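Summary of the model geometry
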Amino acid sequence: MASRIVMSKLSPTMEEGRVLKWVKQEGDPVESGDVVVEVETDKATMEVEAMGSGVLRKILVQEDATVPTGTTLGVVAAEDEDISAILEESRAVAPATVQATASVQGPATMEPSAPVVPSAAPSPAGDGGRLKASPLAKRMADERGIRLEALRGTGPGGRIIKRDIEAAASAGVPAAAATAPVIDYDIPYERVELSQLRKAIARNLIQSLGPIPHFFLTREIDMGEVLKLRGELNESLAESGAKIGVNDIIVKTAAQALSEHPDVNVSFAGDHIRRFTRVDVGIAVAVRDGLITPVLRDAASKGLRQISAESRELIARARNRKLAPEDYQGATFTISNLGMYGIDEFTAVINPPAATILAVGATQEKPVVVDGAVAIRPRMRVTLSCDHRAVDGAMGAEFLATFAEMLENPLRMVL
Amino acid sequence: MAKREGIKDSYDLVVIGAGPGGYVAAIRAAQLGMDVACVESESREGGLGGVCLNWGCIPTKAMLESANLARHIKDGAADHGIRVKGYELDIGAAVTRSRQISDRLTKGVKFLFDKNGVMPIFGRAKLPGGKKLEVQLKGGASSTISASNIIIATGSRPKTFPGFEFDGERVVSSREALEIRKPPGHIVIVGAGSIGMEFADIFNAFGANVTIVEILPQLLPLEDAEIAGVVERSFKKRGIKVKKKTGIKSLEKLDTKLLVTVEGASGEEVIECDTLLMAVGRTPNVEDLGLEAAGVKLDDDGWIAIDELGRTSAEGIYAIGDVAGMPMLAHKASHEGIVAVEQIAGLPTHPLAREDVPSCTYCHPEVASIGRTEGQAKEDGHQVKVGKFPFSANGRALAAGAPDGMVKIVADAQYGEVLGVQMVGHNVTELIAETGLGRALETTVHEIAATVHAHPTLSETVMEAALAALGRPIHI
Ligand SMILES: Cc1cc2nc3c(=O)[nH]c(=O)nc-3n(C[C@H](O)[C@H](O)[C@H](O)COP(=O)(O)OP(=O)(O)OC[C@H]3O[C@@H](n4cnc5c(N)ncnc54)[C@H](O)[C@@H]3O)c2cc1C
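What comes next concerns the included structure.

With omega at 10°, the peptide bond leading from A:P352 into A:P353 counts as cis. For A:P353, the location among the structural elements is in the loop between β19 (333-337) and β20 (356-370). Between B:H455 and B:P456 the backbone carries a cis peptide bond, its omega angle lying at -5°. Phi angles above zero are rare outside glycine, and A:D371 is one such case at about 50°. For A:D371, the location among the structural elements is in the loop between β20 and β21 (373-387).

Written as structure tokens, this is what we have:
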């Protein structure tokens, strides 16, 4: 029985994927479960396995091409099996949908930076997915920030033409998800194609900062006790080879504080608020061409040692682009630490579905007044961004107070 | 009721007129499986092809080629090292050649009708009301035919002014002018539109004295002023007299000559000539058609009123081509014919955008344009960038001995939309096609500039003009 290799939807946000590398070539024998092709999703690199055995009869989508989810990439079948029906059917959709990632454009032309086409609902102007628009329409849409995907073309063969853009502009069609109007200043520039990851970041952040009303709470915390604790812990762990970092303590502390303030461990869901009964902490990790937030599940119920081991492993996999979607989706809270870059304090953009994110600055020696005298203390500034629809100022402040108090008196955590 | 062999009682579609509007519509309808007849009143043998093939586009172009060759021999050949002595100009032979070309093409239309199964009916059609036609057949008999759909494509004819009525010999229209077999000593041409300009070129090349009289301040009044200026300079250099802002007052016909009184900026003047060509416009053939009986209304200017798909005020009756409004051009007629038929067949079609109809004049140097001129675009409220490129900086134009010319692209400053293109020079009537496709596809100057154009060709001037509109031409 012939089986297809498909660009599956590997995450809820995934709309398209790029074929990175065909591990098997046409004519190669394939066993069910063999890795046939590697694809790049919006967050990670994934291996796609064969669902049946036989021979890789046909590769339909070449390396480097980006296609919507659901596209058939190749066909595995017995050597002499008739696969013309499958090919016919796939061809009806596939070739038209293929878009080389590095779409060839003149230096001054601008392609919409929004994703090519949502897979589930093929664009009305798309003939099986390819977006048809006149050069003039593209230019106008680009400049006015209109999403071509949202339009229905009235030109020949459903092509989007100038009058469609004008109609859309007067009807107020929403601007491109990740594209603010691009103004063409006469400054020389290089065009850098968006990686899948960069596209996903743009999309997610606009979804966040756009509709989510952010507000920010900043507080300075004395880290003397934490540093002392870390030293002692690492000394006692020296034999085992384990090592606890300050960040691990911050994660643990935040999780603990959140479980004491469940009203901050929430998500705003339109007609209701979800108060999560588990604390899943996302840790923002900078990777080659963007950032990703692997999630440490149920952090409140885990010990420091486990948190440390798990986060080390997650961060390593994030850097190697080996995270599976379930590894980076659905944090209830996020920590973004730029301390190692010497940043004193900053504000972070909320990472949905969470309603809060904590931006952690560098721990620095500072003169402060302790018991009426000036002392030099290691101090750290943190800023909590809150989704005001779900979290109010006082709620956020109370959570921060608990968080600070725990860091300043680590023993309190044991209670 | 007498019936001619082969004519049926009813058709899916009957087209009235076999010009470039009607014959193209008939062929397209036959392709789509309709049972089609095309009625044509021209009594000459063959008779298909309308004004265009018989008395318009084609014979004038044939004559202009002859004129161009004459001019090359006279002025250009020696530069190429070809010295021609003792040649003679015989406009009669050139006319014979042009008639042969017309005949060949009209026979071609008959061949296409046969091939596609279009029934030609030779006779004059009239609409008695409803979806019926009464045809006065060639030879006297008449026939009534019913049709599910009717397309009126009866075209247009030359018009003139009172006091300047055509006599067919000395006061002529373009039709008679195409059969002048002895060059006039002095011909006055009234009207400097495409037709007047083309005949000025032809008669000048065959040795006649030519005077052009135009009431407006510019030759080719519908074209860009700078472009028209290039043609005017060239005409004057060749000895063609140009009287602009000059109107005709009266005509006196003497035995041996005509006295034409004109009035210009410097007052009245009497011009002596032997032939007067009236090229002052054309009027639609709407008379004796039974339009009222059929419920087909005219617009305020006297053309049959149609919508963008060619529908008239009467259900099932369409009108296309010269009878249905400006611009009176063969390609516009053909395009409308296809649109109307596809509309009848219920197919998706491509209504004519009048802005996208290219307009060409085939005198030398040639003129071609599409869309808006710089002035018109500004009136429309556009911020424009104009890119110009002269033929004098194009290798192919110099090789052809044709440095007089230019391409002008009027682009929208914000998006680079090609709002209009104007050209003058050698072969520009061929060059305009690229910009027509460009406009149909909504191409901007960015794409034209980024398109590889073969070198050396005149088409490079289009690319350079696009680059100029972007502020970065290479060769100027
Ligand atoms: C000198 C000259 C040069 C031209 N050069 C060009 C050019 O270079 N390029 C260009 O695009 N255009 C040119 N034109 C214009 C072009 O010829 C017309 O635009 C074109 O012919 C219009 O096509 P049509 O089908 O609408 O009508 P026509 O070509 O006028 O055809 C109408 C036909 O209908 C027939 N007819 C009329 N009434 C009836 C009736 N009651 N029953 C049956 N048949 C009837 C007529 O006999 C005629 O054959 C030129 C015109 C002239 C005069």
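Right, picking up where we left off after that structure.
All names here are of chain B. Their axes nearest at 9 Å, the elements helix α1 (residues 22-31) and helix α4 (residues 91-116) cross at an angle of 20°. The angle between α1 and α4 falls in the class roughly parallel. Crossing hand, α1 versus α4: left-handed. Residues Y23, A26, I27, A30 and Q31 of α1 form the contact with α4, whose participating residues are V109, L112, F113 and N116. Looking at side-chain class alone, the contact of α1 with α4 contains 7 nonpolar, 2 polar and no charged residues.

Turning our attention to the packing of aromatic side chains. Following the criterion strictly, the structure yields 3 aromatic pairs over all chains and no others. Ring geometry for A:F399 versus A:F403: centroids 6.2 Å apart, planes at 20°, classification stacked. Of this pair, A:F399 and A:F403 both sit in helix α9 (residues 393-408), 4 residues apart, roughly one helical turn. Residue A:F399 shares its accessibility class with A:F403, and that shared class is buried. Where B:F199 meets B:F203, the ring centres are 6.1 Å apart and the plane angle is 20°; that geometry is what we call stacked. Placement of the pair is B:F199 and B:F203 together in helix α6 (residues 194-205), with a separation of 4 residues, close to one helical turn.

Contact residues are listed per partner, giving 9 residues for chain B and 13 residues for chain A. For the pair chain B and chain A, the two sides together bury roughly 1,000 Å², of which 53% comes from carbon and sulfur. On the chain B side of the interface with chain A, the three residues burying the most area are B:Y415, B:E417 and B:E442, jointly 58% of the side's total. At the junction of chain B and chain A, the tally comes to 2 salt bridges. A:R139 serves as the salt-bridge partner of B:E447, at 3.5 Å between the closest nitrogen and oxygen. For the pair chain B and chain A, the number of links is 6 residue pairs in polar contact (both at pLDDT 80 or more).

About the criteria used
In every chain, residue numbers begin from 1 and rise along the written sequence. Lettering for chains starts from A, numbering for ligands starts from 1, and both go in the order in which the items are written. With pLDDT at 70 or above as the cut-off, local features in this predicted model cover only qualifying residues; side-chain atom pairs require 80 or more to be listed or tallied, and sums for whole chains, interfaces and linings still use all residues. Only hydrogens and water are set aside; all other atoms, that is, all heavy atoms of the structure, feed into the side-chain values. A run of H or I in DSSP becomes a helix once it reaches four residues, and a run of E becomes a strand once it reaches two; helices and strands are each numbered from the N terminus. For helices, the fitted axis covers only the stretch in contact; all axes are lines through C-alpha atoms, and the angles between them, taken along N-to-C directions, range from 0 to 180 degrees. Geometric relationships in this document are graded by angle, where less than 35 degrees denotes roughly parallel, more than 145 denotes roughly antiparallel, 65 to 115 denotes roughly perpendicular, and other angles denote oblique. Handedness of a crossing is defined here by the sense of rotation of the near helix relative to the far one, left-handed for an anticlockwise turn of less than a right angle and right-handed for a clockwise turn. The contact rule is simple, with two residues in contact once any of their heavy atoms fall within 4.5 Å. Side-chain classes are defined by residue name, with Ala, Val, Leu, Ile, Met, Phe, Trp, Tyr, Cys and Pro counting as nonpolar, Asp, Glu, Lys and Arg as charged, and the others, Gly among them, as polar. Only the six-membered ring of Trp is used, alongside the rings of Phe and Tyr, when aromatic pairs are assigned; centres must lie within 6.5 Å, and planes under 30 degrees apart are stacked while those over 60 apart are edge-to-face, with the rest tilted. Between buried and exposed lies partly exposed: a residue is buried under 20% and exposed over 50% of the maximum accessible area for its type, with that area taken using a 1.4 Å probe on protein chains only. The term buried area refers to how much accessible surface (probe radius 1.4 Å) is lost by two components on association, counted for both of them together. A carboxyl oxygen of Asp or Glu within 4 Å of a side-chain nitrogen of Lys or Arg is what we treat as a salt bridge. Counting of polar contacts relies on pairs of N or O atoms within 3.5 Å, with two restrictions inside protein: one atom must be capable of donating a hydrogen and the other of accepting it, and residues adjacent in sequence are counted only when both atoms are side-chain atoms.

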